[in-house]
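Chain by chain, the residues run as shown.
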Amino acid sequence: MDTDAGRGGALGREALSYADSLHNLARYLTRNPTDAEDLVQDTYARALQAAARFTPGTNLKAWLFRILRNTFISGYRRQRHDPTRGGLDTVTPTERRAAPEEWLRGDLELDRLRKVVGEEIEQALLTLSEEARTVILLDLEGLTEVEVAQAMGCAVGTVKSRLARARAALRVLLKDYAR
């Protein structure tokens, strides 16, 4: 068995365990579920192509987040200069009504409250800059400041200051939920 192919396969299997975390970040970066899926797929494709450059024993999760972030930034820069943006993918589908059998699940009032609160938190996150939002989301995924710095390609001190500013901004935006 070729060692590069074996390493790529093992890396791919381990990388799949981070799919949910990658998708969460991609969804917040792209603000579109379909684009988020595409971004995660591109991230995995690039990671597998670069498997030989991954150093075993280092932080795979931070490496994947960095690939995802760089892929997003590259795509964003390409789209910004593309005059043909638009089409059917930009149409937002109408809100789906719950089927009658879904109405009976859980407490309807509580579900509505969760949705309102979740939407307000998401809106607060979307008001942050891309870098601040990324730092917050990586922090929520459980990465350490060192891992976030590796994923974002900046110094740990920069991560700490961005995280502090982003948390302060969220505190102001979500002050109604403070105890």
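The preceding data block contains the structure.
Since the structure is predicted, the reported quantities are computational estimates derived from the model, not experimental observations.

About the cut-offs
Residues numbered from 1 in each chain as written. Predicted model: local features only at pLDDT ≥ 70, side-chain atom pairs only at ≥ 80, totals over all residues. Heavy atoms only, no water. Helix = DSSP H or I, 4+ residues; strand = E, 2+ residues; numbered from the N terminus. Polar contact = N/O pair within 3.5 Å; in protein donor to acceptor, adjacent residues only side chain to side chain. Salt bridge = Lys/Arg side-chain N within 4 Å of Asp/Glu carboxyl O. Buried < 20%, exposed > 50% of the residue type's maximum accessible area, 1.4 Å probe, protein only. Lys, Arg positive; Asp, Glu negative; His and termini not counted. Contact = heavy atoms within 4.5 Å.

A. The environment of threonine 127, seen in detail. Tracing the sequence through the fold places threonine 127 in helix α6 (residues 108-127). Expressed as a C-alpha distance, the spacing of threonine 127 and leucine 173, which sit 46 residues apart in the sequence, is 9.1 Å. Of the polar contacts made by the side chain of threonine 127, one reaches the backbone oxygen of alanine 124; its length is 2.6 Å.

B. Spotlight on the pattern of salt bridges. For the structure on display, the rule yields 3 salt bridges. One salt bridge in this structure joins arginine 162 and glutamate 131, with 3.4 Å as the shortest N-O distance. Residue arginine 162 is located in helix α9 (residues 156-173), and its partner glutamate 131 is located in helix α7 (residues 130-140); the two are separated by 31 residues in the primary sequence. On the accessibility criterion, arginine 162 (17% relative accessible area) is buried. Residue class for glutamate 131 comes out partly exposed when judged on its relative accessible area of 35%.

C. Spotlight on the side chain of arginine 133. Within the secondary structure, arginine 133 sits in helix α7. Buried within the structure, arginine 133 lacks any salt-bridge partner; its nearest side chain of opposite charge belongs to glutamate 130, at an N-O separation of 5.5 Å. Beyond its immediate sequence surroundings of up to four residues, arginine 133 is in contact with Tyr28, Leu29, Arg31, Leu125, Leu126 and Leu128.

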